[in-house]
Amino acid sequence: MCCDGTLFHSVVLQPNDSATSLSSLGLILKRKKGALSFRQPCPAHQNSQCGIYENRPHRCRLFQCQQLLQVSSGTLSQTQALETIRSTREKIKQVDQLIGKITETNPSHGLSQRVATALATTPTTPLHSDLTLAMDELNQTLNQQFRVPEQSS
Ligand code: SF4
């Protein structure tokens, strides 16, 4: 979720990242307001794994979602975390299916952007309301269970 465009729309490079080597590994870097970043879904994300794990950017090394933090600190069991991940993946699937029922979207765009594209289509149908509700519910879960504000990018 932190690499496939669900949690974040982009990752900002840090001073100790090598733009040249990350570009050569397939990350498409863009400069915005002086900072280099790459968009999500990350091109290095393959089969739920990082294809450049040993050379991943600094921010990726530092990021730990709330589930991981809580399991590491012993306040949450792995089983509970896995269940939260499973149920959240179900919510993502529902959002994805609703998008697909409304319109085709660009799979290289993050989830929020694809939802926005679907909601902008006309005419508005009951599916639009269903999608708005499903995305609101998903965002609530992502904020409460996964995102860590100071680590957001
Ligand atoms: S470089 Fe690896 S860890 Fe970082 S966003 Fe891409 S797939 Fe995820």
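Residues numbered from 1 in each chain as written. Predicted model: local features only at pLDDT ≥ 70, side-chain atom pairs only at ≥ 80, totals over all residues. Heavy atoms only, no water.

Trainee: Can you tell me about the packing of helix α4 (residues 78–102) against helix α6 (residues 126–145), naming the residues and giving the values?
Mentor: Between α4 and α6, the least distance of the axes is 9 Å, while the angle of their chain directions is 155°. Of the possible angle classes, the one that applies to α4 and α6 is roughly antiparallel. Crossing angle aside, the handedness with which α4 passes α6 is left-handed. Only Leu127, His128, Asp130, Leu131, Ala134, Met135, Glu137, Leu138, Thr141, Leu142 and Gln145 of α6 make contact with α4, whose side of the interface consists of Thr84, Thr88, Lys91, Ile92, Val95, Leu98, Ile99, Lys101 and Ile102. (Axes fitted to C-alpha atoms, helices over the stretch in contact; angles between N-to-C directions. Helix = DSSP H or I, 4+ residues; strand = E, 2+ residues; numbered from the N terminus. Parallel < 35°, antiparallel > 145°, perpendicular 65-115°, else oblique. Left-handed = near helix turned anticlockwise from the far one by under 90°. Contact = heavy atoms within 4.5 Å.)

Trainee: Lay out the site of the ligand with the relevant residues and their values.
Mentor: Neighbouring the ligand are Cys3, Gln40, Cys42, Ala44, His45, Cys50, Ile52, Pro57 and Cys60. Across the shell around the ligand, the residue classes tally to seven nonpolar, two polar and no charged. (Near = heavy atom within 4 Å. Nonpolar A, V, L, I, M, F, W, Y, C, P; charged D, E, K, R; others polar.)

Trainee: Residues and numbers for the packing of aromatic side chains, please.
Mentor: In this structure the tally under the stated criterion is one aromatic pair. In this structure, Arg56 packs its charged tip against the face of Tyr53, placed 3.8 Å from the ring centre. (Phe/Tyr/Trp six-rings, centres within 6.5 Å; stacked < 30°, edge-to-face > 60°. Lys NZ or Arg CZ within 6 Å of the ring centre and 35° of its normal.)

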